[in-house]
Amino acid sequence: ALAGRAAVITGSNSGIGLGIAEALAGAGADLVINSFTDREEDHALARDLAARHGVEVRYVAADMSKGEDCRRLIEQAGRCDILVNNAGIQHVAPITDFPADKWDAIIAINLSSAFHTTAAALPMMRAAGWGRVVNIASAHGLTASPFKSAYVAAKHGIIGLTKVTALETAGEGITCNAICPGYVLTPIVEAQIPDQMKTHNMSREDVIAKVMLARQPSGQFATVEQMGGTAVFLCSGAADQITGTTISVDGGWTAL
Ligand code: NAD
C-alpha cells in the first residue's frame, strides 16, 4: 500500500524505530534508517531490510542531538513522504539531582530533533502533495511519573508540536499525529530494570510486574510490531482525516 513512498525514521537501528521500519518496508515503502553510530552492522541492517522486503533501504548516520545533523538527514534522504520522529533517550533522577547536560540532551533528542526534521521535510511533502509525520511520544506525553522531568517535558512538548504541525499543514494532504506507547520491552526500558531492582529491592520479575506494568492495566508490554502496525495505519487512506491527535498503544495506562 506504501509502494513508491519514501520514509525516514530517526533512531531506527533498534527497538520501536526498527519495528516501525520493518512494518513500513513490509507495506512497500523505501526507507532511510538512522542512528548516531556509523558501524558496519548499521549498514548491514539496511541491506537485510532491503533484501527481505524488496525495497530500497539506506542507513544514514546523523546525531539527533544536533539540529544541523537532523536537517542533513532529511537532505541526504532526498525524498521524504513519511517522517517518523522516533529517536529518544531517558534519564531518571529527582529534579534537584537531575544533571543539566542530561536535561539538555533529552530536550534536544526527544523534542527539538522533531522540529528540525519536520522543518526540513515539509517542503518535500508539500511538493509531493502528500505527507505523513508520525511522532513517537509516550504515555508520558499525556501523564507524568516522578523522576522523569526532562522526558515528560519533552514528550508533552512533542504532542504540542504535533498539533501545530497538523494545523500548519491541514488541507494539504499532509497529516501529523503522535503515537503514545506504554511500556514496550526495548533497550531503553531494559536499561531501567537494574536501577529499579536496587531502588525497590525487588527481583527482575517483580520490577516488571509490580513497578512497570502496574501502570499498564493489561499487565502486558506493548510490542514494537504493534507500533509498526499503528504507524502503517496512520500512513493509510483510512487516516487521511486523522491529524493533530494522539493514539495511545498503552494497554489502558491513560484510562486509569
Ligand atoms: P531504544 O533505545 O531501543 O531506541 C532508541 C533509538 O534512538 C535507537 O535506535 C538509538 O540508537 C536512537 N538514538 C538515541 N540517541 C540518538 C541520537 N543522538 N541520534 C540518533 N539516534 C539516536 O528505545 P525505544 O524504546 O525503541 O525508544 C524509541 C522511542 O519510543 C523513544 O522516543 C522513546 O522515548 C519512545 N517510547 C518508548 C517506550 C518504551 O517503553 N520502550 C514507551 C514510550 C515511548
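Residues numbered from 1 in each chain as written. Predicted model: local features only at pLDDT ≥ 70, side-chain atom pairs only at ≥ 80, totals over all residues.

- The chain carries the name 3-hydroxybutyrate dehydrogenase in an unreviewed UniProt entry, which gives Paracoccus contaminans as its organism.

## Points about the overall build of the chain
Move 1: Helix and strand counts for the chain come out as nine helices and seven strands.
Move 2: Over its C-alpha trace the chain gives a radius of gyration of 18 Å, about what one expects of a compact globule, namely 18 Å for 256 residues.
Move 3: If you line up the chain on its principal axes, its C-alpha atoms span 55 × 40 × 35 Å.
Move 4: Within the span of the chain, comprising 256 residues, buried residues form 45% of the whole.
Move 5: Taking contacts inside the chain between residues at least 6 apart in sequence as the whole, the part at least 24 apart equals 74%. (Helix = DSSP H or I, 4+ residues; strand = E, 2+ residues; numbered from the N terminus. Rg over C-alpha atoms; globule rule 2.2 N^0.38 Å. Buried ≥ 20, exposed ≤ 12 C-beta atoms within 10 Å, placed from the backbone. Contact = placed C-beta atoms within 7 Å.)

## Observations concerning the pairing of strand β1 (residues 6–9)
Move 1: Alternating residues of β1 divide into Ala6 and Val8 and Ala7 and Ile9, and every residue in both groups is buried.
Move 2: Relative to strand β2 (residues 30–35), β1 runs parallel, the two sharing four bridges. Within β2, the position partnered with alanine 7 by the bridge is leucine 31.
Move 3: Remark: the β1/helix α1 (residues 15–26)/β2 crossover connection has right-handed handedness. (Pairing = 2+ DSSP bridges. Right-handed = clockwise from strand over helix to strand, strands pointing away.)

## Here we look at the site of the ligand
Move 1: The ligand sits among 29 residues. The nearest are Gly11, Gly15, Gly88, Thr186 and Ile188.
Move 2: Counting residues per element, the ones that place at least two in the shell around the ligand are α1, β2, α4 (100–128) and α6 (187–190).
Move 3: Here the residues of the shell around the ligand sort into 13 nonpolar, 15 polar and one charged.
Move 4: There are two domains that each give the shell around the ligand at least three residues, and those are domain 1 (6–182 + 222–250) and domain 2 (185–220). (Near = placed C-beta within 6 Å. Nonpolar A, V, L, I, M, F, W, Y, C, P; charged D, E, K, R; others polar. Domains from an automatic or database assignment.)

## Quick word on the confidence of the model for the chain
Move 1: Summary statistics for the chain give a mean pLDDT of 97 and a share of 100% for residues scoring 70 or more.
Move 2: At the level of chain-chain contacts, confidence expressed as ipTM amounts to 0.99, with global pTM at 0.98. (pLDDT = per-residue confidence, 0-100.)

## What to know about the nonpolar core
Move 1: With 70 residues, the main nonpolar core has Leu24, Ala29, Leu31 and Ala231 as its most contacted residues.
Move 2: Excluding its chain neighbours within four sequence positions, the residues that come into contact with alanine 29 are Leu2, Arg5, Ala6, Ala7, Leu24, Val55 and Ile82. (Core = buried A, V, L, I, M, F, W, Y, C linked by C-beta atoms within 7 Å.)

## A few points about the pairing of strand β6 (residues 174–181)
Two faces, one strand: in a regular strand the side chains alternate between the faces of the sheet.
Move 1: Most of β6 is tucked away, with eight of its eight residues classed as buried.
Move 2: Taking every second residue as pointing to the same face, both faces of β6 are buried, with Ile174, Cys176, Ala178 and Cys180 on one and Thr175, Asn177, Ile179 and Pro181 on the other.
Move 3: Remark: the strand β5 (residues 131–136)/helix α5 (residues 149–169)/β6 crossover connection has right-handed handedness.
Move 4: Strand direction decides the pairing type here: β6 and strand β7 (residues 246–249), joined by four bridges, are parallel.

## Considering the packing of helix α7 (residues 193–200) against helix α8 (residues 204–212)
Move 1: The geometry of α7 relative to α8 is characterised by a closest axis approach of 9 Å and an angle of 90° between their N-to-C directions. It follows from the interaxial angle that α7 and α8 lie roughly perpendicular. On the side of α7, the interface is formed by Ile193, Gln196, Met197 and His200, while α8 contributes Arg204, Val207 and Val211. (Axes fitted to C-alpha atoms, helices over the stretch in contact; angles between N-to-C directions. Parallel < 35°, antiparallel > 145°, perpendicular 65-115°, else oblique.)

## Some thoughts on unusual backbone geometry
Move 1: A positive phi angle is found at phenylalanine 147, which is not glycine, with a value near 75°.
Move 2: Positive phi, close to 50°, is recorded for asparagine 201, a residue that is not glycine.
Move 3: Judged by the 8 C-beta atoms lying within 10 Å of it, asparagine 201 is exposed.

## Details of the sheet that holds β6
Move 1: Here seven strands make up an open sheet; going across it, the order is β3-β2-β1-β4-β5-β6-β7 and the pairing parallel. The open sheet terminates on both sides in strands that have one partner only, identified here as β3 (57–61) and β7. If you compare each strand with its neighbour and ignore which way they point, the axes differ by 20° on average.
Move 2: Strand direction decides the pairing type here: β2 and β3, joined by five bridges, are parallel. Residue asparagine 34 lies in a different strand from β3, and its bridge partner there is valine 60.
Move 3: Of the strands in this sheet, β2 and β3 touch helix α2 (residues 40–53), which is tilted by about 160° from β3.
Move 4: Contacting β1, β2 and β3, helix α3 (residues 67–77) crosses the sheet at an angle of about 155° to β1.

## Focus on the environment of glutamine 192
Move 1: By the element assignment, glutamine 192 lies in the loop between α6 and α7.
Move 2: Taking the C-alpha atoms as reference points, glutamine 192 and methionine 212, separated by 20 residues in sequence, lie 9.8 Å from one another.
Move 3: The residues contacting glutamine 192, other than those within four sequence positions of it, are Gln90 and Val92.

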